[in-house]
Amino acid sequence: MNQPVSRASVHAFYTDAIQRGRNTAENLQAATSERFNSLLESIKEATPRTALDLGYGAGTYTIALARAGFDVVAVDQIPCGPLLRRLDGAGDWAHRIEPRQCLAEDFTIDQEFGVIVAKDVLHYLARPSVEALLTSAVAHALGENYHYLEVFTAISRRSADGQLLRIEGEASYSPESFRRRIERIYQGWDLTLLWSKHAEQDSRTGLNCFEAIRATVIAANRAA
């Protein structure tokens, strides 16, 4: 039987980690992935120079987008202070970033974004919230748009004493159920769906405390 973990406690954990600049088992301070870097380098001038980073965390993907010339709306449930401090004294690109403190599921996508990034955040949401967000994003994609998502599926969490854990209300996708929904939502887009095993260790025990199959979605709407 899974022991429930409140969403409030998860929010508090990440707020504390970001405010203290502390890394976590999933490596919040990691650089942008090679897959994302390749996507960003491939984007042409026809793509609107607007971007949305849902669940920006330490701000690494937000900053990469701004440095590439995008005006970025950066959304996270954590206070904006740590990101603003990171931007203080940065280059001319820093003014392109608009941080907003908001839960991802409460953010309304009511405009076109040339690029949308959601890395390691959507699996925390309820399935209807995930699908409503992505459906709205697709509905507002009028031109050449790109979406980059990293979502954990088939999640297994354990406490230090081996108890199975489950965050209240999370999507709990299997790889197959996630694939079906992504293919339905992104019908007509050029869609790349990649899978990789992921594990994180508990520093106290050295044992895996988190195991999952990470889905990386790269979706391109070329019907400009």
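Residues numbered from 1 in each chain as written. Predicted model: local features only at pLDDT ≥ 70, side-chain atom pairs only at ≥ 80, totals over all residues. Heavy atoms only, no water.

Caption draft 1: Region of the structure containing the overall build of the protein. Regarding its fold elements, the protein presents 6 helices and 9 strands. Dimensions of the protein, computed from C-alpha atoms along their principal axes, come out at roughly 55 × 45 × 30 Å. The proportion of buried residues among the 224 residues of the protein is 48%. In the protein, the proportion of contacts linking residues at least 24 apart, taken out of those at least 6 apart, comes to 70%. Element-wise, carbon and sulfur atoms account for 49% of the exposed surface of the protein, whose accessible area totals about 10800 Å². Put simply, the protein has 24 plus and 28 minus side-chain charges, and the middle of one group is 4 Å from the middle of the other. (Helix = DSSP H or I, 4+ residues; strand = E, 2+ residues; numbered from the N terminus. Buried < 20%, exposed > 50% of the residue type's maximum accessible area, 1.4 Å probe, protein only. Contact = heavy atoms within 4.5 Å. Areas by Shrake-Rupley, 256 points an atom, 1.4 Å probe, with all protein chains shown as cover. Lys, Arg positive; Asp, Glu negative; His and termini not counted. Charge placed at Lys NZ, Arg CZ, Asp CG, Glu CD.)

Caption draft 2: How the structure looks around the pattern of salt bridges. Tallied over the full model, the rule gives 15 salt bridges. Between Glu105 and Arg7 there is a salt bridge whose closest N-O contact spans 2.8 Å. One end of the pair, Glu105, is in the loop between β4 (97-101) and β5 (115-119); the other, Arg7, is in helix α1 (residues 7-19), and 98 residues separate them in sequence. Residue Asp120 is joined to Arg214 by a salt bridge in which the shortest nitrogen-to-oxygen separation is 2.7 Å. Note that Asp120 is positioned in the loop between β5 and α5 (127-139) and Arg214 in strand β9 (residues 208-221), a separation of 94 residues in sequence. Assigned by exposure class, Asp120 and Arg214 land together as buried. (Salt bridge = Lys/Arg side-chain N within 4 Å of Asp/Glu carboxyl O.)

Caption draft 3: Highlighting the packing of aromatic side chains. Evaluation of the coordinates by the stated rule reveals 8 aromatic pairs. Each ring, one from Tyr173 and one from Phe178, has its centre 5.2 Å from the other, and the planes form 65°; the classification is edge-to-face. Taking the relative accessible area as the measure of exposure, Phe178 reaches 1% and is therefore buried. Among the aromatic residues, ring-to-ring pairing joins Phe13, Tyr14 and Tyr124 into one connected group. When the ring centre of Phe70 is taken as reference, the NZ or CZ atom of Arg49 above it lies at 4.1 Å. (Phe/Tyr/Trp six-rings, centres within 6.5 Å; stacked < 30°, edge-to-face > 60°. Lys NZ or Arg CZ within 6 Å of the ring centre and 35° of its normal.)

Caption draft 4: Structural detail: the nonpolar core. Among the nonpolar cores identified, the biggest contains 36 residues, and Leu52, Leu122, Leu149 and Tyr186 are the most heavily contacted of them. Residue assignment for this core shows that the elements contributing at least two residues are α1, β2 (50-54), β3 (71-76), β5, α5, β6 (145-158), α6 (175-185) and β9. Contact partners of Leu122, with chain neighbours within four places excluded, come to Val130, Leu133, Leu134, Leu149, Val151 and Ala171. Ala66, Trp93, Ala94 and Ala220 belong to the second-largest nonpolar core, a separate cluster that totals 29 residues. (Core = buried A, V, L, I, M, F, W, Y, C linked by side-chain atoms within 4.5 Å.)

Caption draft 5: The arrangement of the pairing of β3 in detail. For β3, the tally of buried residues reaches 5 of 6 residues, placing the bulk of the element in the interior. Across 5 bridges, β2 lies against β3 in parallel orientation. Across the sheet, Leu54 pairs through a bridge with Val75, a residue of β3. A crossover connection joins β2 to the parallel β3 through helix α3 (residues 60-67); in handedness this β-α-β unit is right-handed. Strand direction decides the pairing type here: β3 and β4, joined by 5 bridges, are parallel. Note that in β4 the partner of Val72 across the bridge is Ile97. Following the backbone out of β3, through helix α4 (residues 81-87) and into the adjacent parallel β4, one traces a crossover that is right-handed. (Pairing = 2+ DSSP bridges. Right-handed = clockwise from strand over helix to strand, strands pointing away.)

Caption draft 6: View of the environment of Val5. Among the structural elements, Val5 can be located in strand β1 (residues 3-5). Sequence separation between Val5 and Leu165 is 160 residues; the distance between their C-alpha atoms is 6.7 Å. Each residue touching Val5, except ones within four places of it in the same chain, is listed here: Val10, Leu165, Arg166, Ile167 and Glu168.

Caption draft 7: Quick look at the environment of Val115. Summarising the element assignment, Val115 is placed in strand β5. In this structure, the C-alpha to C-alpha distance between Val115 and Pro48, residues 67 residues apart in sequence, is 8.0 Å. Sequence-distant contacts of Val115, defined by excluding residues within four places in its chain, comprise Ile43, Thr50, Ala51, Leu52, Leu65, Phe70 and Tyr146.

Caption draft 8: Quick look at unusual backbone geometry. The phi torsion at Ala154 lies on the positive side, around 50°, for a residue other than glycine. Tracing the backbone shows Ala154 in strand β6. Given the relative accessible area of 39%, Ala154 is considered partly exposed. The phi angle at Ser172 is positive, at roughly 55°, despite the residue not being glycine. Turning to its location among the elements, Ser172 is positioned in the loop between β7 (164-167) and α6. Judged by relative accessible area, which is 32%, Ser172 ranks as partly exposed.

Geometric descriptors of this kind do not, in isolation, establish any biological role.
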